[in-house]
Amino acid sequence: MFLYNTLTRKKEEFIPIDKEEIKIYVCGPTVYDYIHIGNARPLCVFDVLRNYLEYMGYNVKFVQNFTDIDDKIINRAKEENTDYLTVSERFIKEFKKDSKGLNIRVANINPRATENIETMIAIIKELIKKEHAYILDGDVYFRVKTFKNYGKLSGQKTEELEFGIKTENQSKEDLLDFALWKASKENEPSWSSPWGKGRPGWHIECSAMVLKFLGKTIDLHCGGRDLIFPHHENEIAQSECYNRTKFCNYWLHNGHVNIDNMKMSKSLGNFLTVRKISEKYGYEVIRYLMISSHYRSPINFSTENIKSCLNSLKKLYNFKENLIFARKNRSSENGKSISEEVENYKILFLDAMNDDLNTPEALAVIFKIVKKINIFLSEEDATFSMESVDNVLNMFNELVGILGIMYKDQKIKLDEKKVNSLLKEREIARKNKNWEKADEIRNVLKENNITIEDTAQGVNVKMFEN
RNA sequence: GGCGCCAUAGCCAAGUGGUAAGGCGAAGGUCUGCAAAACCUUUAUUCCUCGGUUCAAGUCCGAGUGGCGCCUCCA
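Each value, and the rule that gives it
Residues numbered from 1 in each chain as written. Chains lettered and ligands numbered in written order. Predicted model: local features only at pLDDT ≥ 70, side-chain atom pairs only at ≥ 80, totals over all residues. Heavy atoms only, no water. UniProt positions renumbered as here; feature names shortened; annotations may be inferred. Helix = DSSP H or I, 4+ residues; strand = E, 2+ residues; numbered from the N terminus. Buried < 20%, exposed > 50% of the residue type's maximum accessible area, 1.4 Å probe, protein only. Contact = heavy atoms within 4.5 Å. Areas by Shrake-Rupley, 256 points an atom, 1.4 Å probe, with all protein chains shown as cover. Lys, Arg positive; Asp, Glu negative; His and termini not counted. Charge placed at Lys NZ, Arg CZ, Asp CG, Glu CD. Phe/Tyr/Trp six-rings, centres within 6.5 Å; stacked < 30°, edge-to-face > 60°. Lys NZ or Arg CZ within 6 Å of the ring centre and 35° of its normal. Polar contact = N/O pair within 3.5 Å; in protein donor to acceptor, adjacent residues only side chain to side chain. Near = heavy atom within 4 Å. Nonpolar A, V, L, I, M, F, W, Y, C, P; charged D, E, K, R; others polar. Core = buried A, V, L, I, M, F, W, Y, C linked by side-chain atoms within 4.5 Å. Pairing = 2+ DSSP bridges. Axes fitted to C-alpha atoms, helices over the stretch in contact; angles between N-to-C directions. Parallel < 35°, antiparallel > 145°, perpendicular 65-115°, else oblique. Left-handed = near helix turned anticlockwise from the far one by under 90°. Expected span 1.5 Å × (residues − 1). Arc of directions from axis to C-beta.

- By the naming in an unreviewed UniProt entry, chain A is Cysteine--tRNA ligase, taken from Candidatus Improbicoccus pseudotrichonymphae.
- Looking at chain A in UniProt, the text filed under Subcellular location (unreviewed entry) is "Cytoplasm".
- Quoted verbatim from the Subunit (unreviewed entry) field of UniProt, the annotation for chain A is "Monomer."

See the structure below:
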């Protein structure tokens, strides 16, 4: 499998440190609000990565943190007249709800910054001892000039970086130095440290949690491309100065979700929450949208785009339902085999995934399978071998499962008995050419998310939300 | 000032130097009591522009135009 590594700016073959346990760290959310649609992107694409690695037979240890102490959380707590813990607890819950909706598997470990402050303090102590960091009025700063490779991830030279830098503390030794520890202001949550009361800087959190839960060197570190600088650059600096070894082999960065071609962000205020969109269109279409472009490309969010994705998903659901219908009603011992022609497509799907997770290509392969099989199904008089139908169904479920779509449950609001009696009633009406009544029953069922289609082989009852 | 990304049909979107995947939408047709679903046909002689390399360029090189991101918090 080839992955684009930001560190080398090339697609590289993925070679794990230890096949028995691939170590992935994904930067998680700062929990001060509902996640926005941009946050959904790394969740979805790196969940696909995880699925695919496991599909290939690797064991994966997947760690995603919660940044649960930060200025924004403190501010929100102040606004709501409550404490930071109430805010972070609340939005961790909401995060989990949205994640579940998006069919994101729960990480093996979800460490919280505030639960790992001891590790951070230990690292900072050592960095001070090694003169990679210094104390300044209760703050601790990382001395960037002591790390020769600073800039290796972002491709930046330190001299050039200084050009555009904006900083709040002018008394730092160097403009590039960043905070490892921040002295606390009055009435703010704080932890005691050798440098007085305070709280950790953002970058050290991730370094500490990576070290504690995954070790000194990890396979994959993932996040949005806006994290390349300074966040990930700083993580490398801290961790490599502390561990004296390479921090991470492959850095993966997803592209942004834009709105009107502008980056969607909480600071710009042009963001849409996952919750809001899911209330209108459902969660699944958000996930579909995320895999419909390559993970490194930008996505421009629009309702037109969402609606197009909804229709595509509908086509896939119809396909699956029609196959299940064919299995029940159109299979016979001497039936046509439909799976052989489609077996090669699985290889094409895997080729696409192996090529830096080319999910749009992988989706195209799925639609090619759908097309091929639909041509078989469109032959009205044909019957099919049940085994081959099962093969296709299994393959379809397998591929779609890697992408993490098609997970919506059938939702039946009416009980089965009632549905069956309505169906019988409709059949009688149809025999008597009482079209009005037949259509009325069809509408009633439709209102309950049950779609019925009259086919040559009988009535195809589809029970999913449209 | 530096680093980087992007430009392919009405929309979304792949594309490894070998003659433009796939999805949505639209139009017409088949099937159907009507639908639905599905199938068939049509929908980019051309990939922002201009040069260059090559037998061959959407793909490589150069210049230009337009858009975006990072260097403050960000996914």
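Focus: the overall build of chain A
- A count of helices and strands for chain A gives 15 helices and 16 strands.
- Along the first, second and third principal axes, the C-alpha set of chain A runs to 90 × 50 × 35 Å.
- Classification of the 466 residues of chain A by burial places 53% in the buried group.
- For chain A, the share of sequence-separated contacts (at least 6 apart) that also reach a separation of at least 24 residues comes to 77%.
- Total accessible area on chain A is roughly 22300 Å²; 47% of this is exposed by carbon and sulfur atoms.
- Counting 70 positive and 69 negative side-chain charges, chain A places the centres of these two groups 1 Å from one another.

Regarding the packing of aromatic side chains
- Counted by the stated rule, this structure contains 13 aromatic pairs.
- Ring centres of Tyr34 and Phe91 lie 5.5 Å apart, and the angle between their planes is 80°; on these two criteria the pair is classed as edge-to-face. Of this pair, Tyr34 sits in the loop between β3 (22-26) and α1 (37-55) while Phe91 sits in helix α3 (residues 84-101), placing them 57 residues apart in sequence.
- Aromatic rings pair up to connect Phe14, Tyr58 and Tyr250 into one cluster.
- In this arrangement the basic side chain of Lys130 is found over the ring face of Tyr242, its NZ or CZ atom lying 5.8 Å from the centre.
- For the cation-ring pair, Lys408 lies above Tyr317, with the distance from its terminal atom to the ring centre recorded as 5.1 Å.

Comments concerning the side chain of Thr359
- Take Thr359: it is sitting in helix α12 (residues 359-377).
- According to the relative accessible area criterion, Thr359 is buried, its value standing at 6%.
- A polar side-chain atom of Thr359 sits 2.8 Å from the main-chain carbonyl oxygen of Ile291.
- Once you skip the residues sitting within four places of it in the chain, Thr359 turns out to touch Val48, Ile291, Ser293, Met353 and Leu403.

Points about the UniProt feature "short sequence motif: 'HIGH' region" (unreviewed entry) in chain A
- In the numbering used here, UniProt assigns the "short sequence motif: 'HIGH' region" (unreviewed entry) feature to residues 29-39.
- For residues 29-39, helix accounts for 27% and strand for 0%, while the C-alpha atoms at its two ends are 8 Å apart.

A few points about the UniProt feature "binding site: ATP" (unreviewed entry) in chain A
- Listed under "binding site: ATP" (unreviewed entry) in the UniProt record, and renumbered for this structure, are Lys266.
- Summarising the element assignment, Lys266 is placed in the loop between β12 (262-263) and α8 (274-281).
- Setting aside chain neighbours within four positions, we find Lys266 in contact with Tyr32, Asp33, Tyr34, His36, Asn39 and Phe271.

A short note on the protein's contact with RNA strand B
- Neighbouring RNA strand B are 64 residues; Ile165, Trp202, Gly224, Ser312 and Glu361 lie closest to it.
- Ser154 places a main-chain nitrogen or oxygen 2.9 Å from a sugar or linking oxygen of RNA strand B.
- One nitrogen or oxygen atom from the side chain of Glu453 is found 3.0 Å from a sugar or linking oxygen belonging to RNA strand B.
- When grouped by side-chain class, the residues that make up the surface near RNA strand B number 17 nonpolar, 28 polar and 19 charged.

As for the nonpolar core
- Among the nonpolar cores identified, the biggest contains 135 residues, and Ile24, Leu49, Leu53, Leu220, Phe349 and Ile373 are the most heavily contacted of them.
- A per-element tally of this core places α1 first, with 10 residues.
- One finds Leu414, Leu423, Ile450 and Ile452 within the second-largest nonpolar core, a separate group that totals 8 residues.

Some words on the side chain of Thr6
- The residue Thr6 is located in the loop between β1 (2-5) and β2 (10-13) in this model.
- Residue classification places Thr6 among the buried residues on the basis of a relative accessible area of 7%.
- For Thr6, the residues in contact, after removing those within four places along its chain, are Leu153, Ile228, Trp251 and His253.

Regarding the pairing of strand β5 (residues 133-136)
- Pairing geometry for β5 and strand β6 (residues 139-142), over 4 bridges, is antiparallel. Bridge pairing in β6 places Ala133 opposite Phe142.

What to know about the packing of helix α10 (residues 303-329) against α12
- Their axes nearest at 11 Å, the elements α10 and α12 cross at an angle of 40°. Taken together, the axis directions place α10 and α12 in an arrangement best described as oblique. The handedness of the crossing between α10 and α12 is left-handed. From α10, Ser312, Lys315, Leu316, Phe319, Asn322, Leu323 and Ala326 reach across to α12, where they touch Ile366, Phe367, Val370, Ile373, Asn374 and Leu377.
- The residue makeup of the contact of α10 with α12, split by class, is 9 nonpolar, 3 polar and 1 charged.

Here we look at helix α14 (residues 416-431)
- If you check α14, its first and last C-alpha atoms are 23 Å apart, about what 16 residues at 1.5 Å a residue would give, namely 22 Å.
- Here α14 has its buried residues at Val419, Leu422, Leu423, Arg426 and Ala429. Down the axis, α14 shows its buried residues gathered within 120° of arc, on one side only. Of the exposed residues in α14, the ones pointing more than 90 degrees away from its buried face are Lys417, Lys424, Ile428 and Lys431.
- Immediately beyond the C-terminal end of α14, within one or two residues, lies Lys433, with a positive phi of roughly 55°.

Observations concerning the sheet that holds strand β10 (residues 248-254)
- Read across the open sheet, the 4 strands follow the order β4-β3-β9-β10; overall the sheet is parallel. Of all strands in the sheet, those with a lone pairing partner are β4 (60-64) and β10, marking the two edges. Across the sheet, the mean angle from the axis of one strand to that of its neighbour is 20°, orientation sign disregarded.
- Here 6 bridges tie strand β9 (residues 218-224) to β10, and the two strands are oriented parallel to one another. Along β10, the bridge assignment pairs His221 with Trp251.
- Across the sheet, helix α7 (residues 228-243) touches β9 and β10, and the angle it forms with β9 is around 160°.

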